[in-house]
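Now for the letters of each chain:
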Amino acid sequence: MADAFTDALQELREFDGVDASRLAEPIARSFPVSGASISTLGEILTSETVSASDPLAARLDELQLDLGEGPCWDALRTVSPVLEPDIRHRPRGSWPFFLPAVAQEEIGAVFAFPLVIGHLRLGAVDLYSVDPTTLTPQQARQASAMAAVVSRLVLRRALEAASDDEPVSAPIDRYSRRAIHQATGMVIAQLGVSVDDAEMLVRGHAYAESRTMAEVADDILNGRLRFSVDGDGIEDLA
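Undergrad: When you look at the environment of Arg178 in this model, what are you seeing that I'm missing?
TA: Its location among the elements puts Arg178 in helix 7 (residues 178-191). Owing to a relative accessible area of 46%, Arg178 belongs among the partly exposed residues under this scheme. For the pair Arg178 and Thr46, spaced 132 residues apart in the sequence, the C-alpha separation amounts to 9.3 Å.

Undergrad: Just checking my understanding: could you explain the sheet that holds strand 4 (residues 109-117) for this structure?
TA: To summarise the sheet geometry, strands pair through backbone hydrogen bonds and adopt either a parallel or an antiparallel arrangement. What the five strands build is an open sheet, ordered 2-1-5-4-3; its pairing is antiparallel. Each edge of the open sheet carries a strand with a single partner, namely strand 2 (48-52) and strand 3 (82-84). Here the strands of the sheet are splayed against their neighbours by 20 degrees on average, with no regard to which way each runs. For strand 3 and strand 4, the ladder comprises three bridges, and the chain directions are antiparallel.

Undergrad: Just checking my understanding: could you explain the environment of Met186 for this structure?
TA: The residue Met186 is located in helix 7 in this model. Separated by 41 residues in sequence, Met186 and Phe227 have C-alpha atoms that sit 9.2 Å apart. Other than its neighbours up to four places away in sequence, Met186 contacts Ile220 and Leu221.

Undergrad: Looking at this structure, I do not really get the pattern of salt bridges. What am I missing?
TA: As a working rule, side chains carrying opposite charge can pair if their charged atoms are close by. Applying the stated rule across the entire model yields ten salt bridges. Where Asp219 meets Arg224, a salt bridge forms, and the shortest distance between an N and an O atom there is 2.8 Å. Salt bridges sharing partners connect three or more residues here, namely Arg211, Glu215, Asp218, Asp219 and Arg224.

Undergrad: Would you explain the side chain of Asp54 in this entry?
TA: Residue position: Asp54 is located in the loop between strand 2 and helix 3 (55-67). Residue Asp54 is classed as buried on the basis of its relative accessible area of 15%. Here Leu56 takes part through its backbone nitrogen, which lies 3.0 Å from a polar atom of the side chain of Asp54. A polar side-chain atom of Asp54 sits 3.0 Å from the main-chain amide nitrogen of Ala57. Those residues within four positions of Asp54 in sequence are excluded, and the remaining contacts are Ser34, Gly35, Ala36 and Tyr128.

What counts, and where the lines are drawn
- Residues numbered from 1 in each chain as written.
- Predicted model: local features only at pLDDT ≥ 70, side-chain atom pairs only at ≥ 80, totals over all residues.
- Heavy atoms only, no water.
- Helix = DSSP H or I, 4+ residues; strand = E, 2+ residues; numbered from the N terminus.
- Buried < 20%, exposed > 50% of the residue type's maximum accessible area, 1.4 Å probe, protein only.
- Pairing = 2+ DSSP bridges.
- Axes fitted to C-alpha atoms, helices over the stretch in contact; angles between N-to-C directions.
- Contact = heavy atoms within 4.5 Å.
- Salt bridge = Lys/Arg side-chain N within 4 Å of Asp/Glu carboxyl O.
- Polar contact = N/O pair within 3.5 Å; in protein donor to acceptor, adjacent residues only side chain to side chain.

Structure, rendered in C-alpha cells:
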C-alpha cells in the first residue's frame, strides 16, 4: 500500500491540469476503499464535484452538495478529517438529512479530508467503501497528504479559470452544477429573495420530492416549475 501511495502522490504532483475529472482515480487506488471524489465547497469556490472515481462516488458528493451537510462539510468546517468507518449502522456524525439519504445507497464507510491552504478553505476529498471498513492512522495521514497536494491543484485551476489570459478547459462539465446556479438566479428574479434563500428553496423542494437539485433545476430552467409570492407566503407553480 505504501508503494501505491507513493506512486499516486507523484502522479498528483505531476498532474498537468488537462483533465481534472480524473484526479480522484489515483487517490482511490491508494487505499482499501471502493472509490473517491473531490469537491469544492463553501464561500471561496462554487460548490462542485471536481472529480469522482465512479458513479457512486459522484452520488455521495451530490447528496452532500444537495443537502448542505455531511462528512465533507464537517471536514471543511473543522479543518480536520472526519472518519465514519460504519456510517450505516454506527454513524458518529449528526446529519439529519444526509444519514437517511446515504442509507439508501451502497455506502458502508466514508472518510472526508479537508482541502485547505493556509486560511483558505476550499473543499474536501471523500473516500468511500461499500462495506464498513477502517483506515489505519498511517493511511489517514497519507490521505491528508494527498488532500494537501490536491488543494494546490484545485486553487491553481480556480485562478486559471479567473484569468483572461489562461482560460481553463472544461473538464468538470460532467459534474457541473451550473444549471443549479442558473436556476437559483431565476428563483431570485421570481421572488426577489437573497441567494441563500433561493438556494434553500430549490434544496427544500428537491428534498420534499425526493429528487436531486439538478432535476429540480432542470424543471425551473425549462419552465415546468416556478415560484411566486401570494398573501400566504411562497408557493411553487408546477
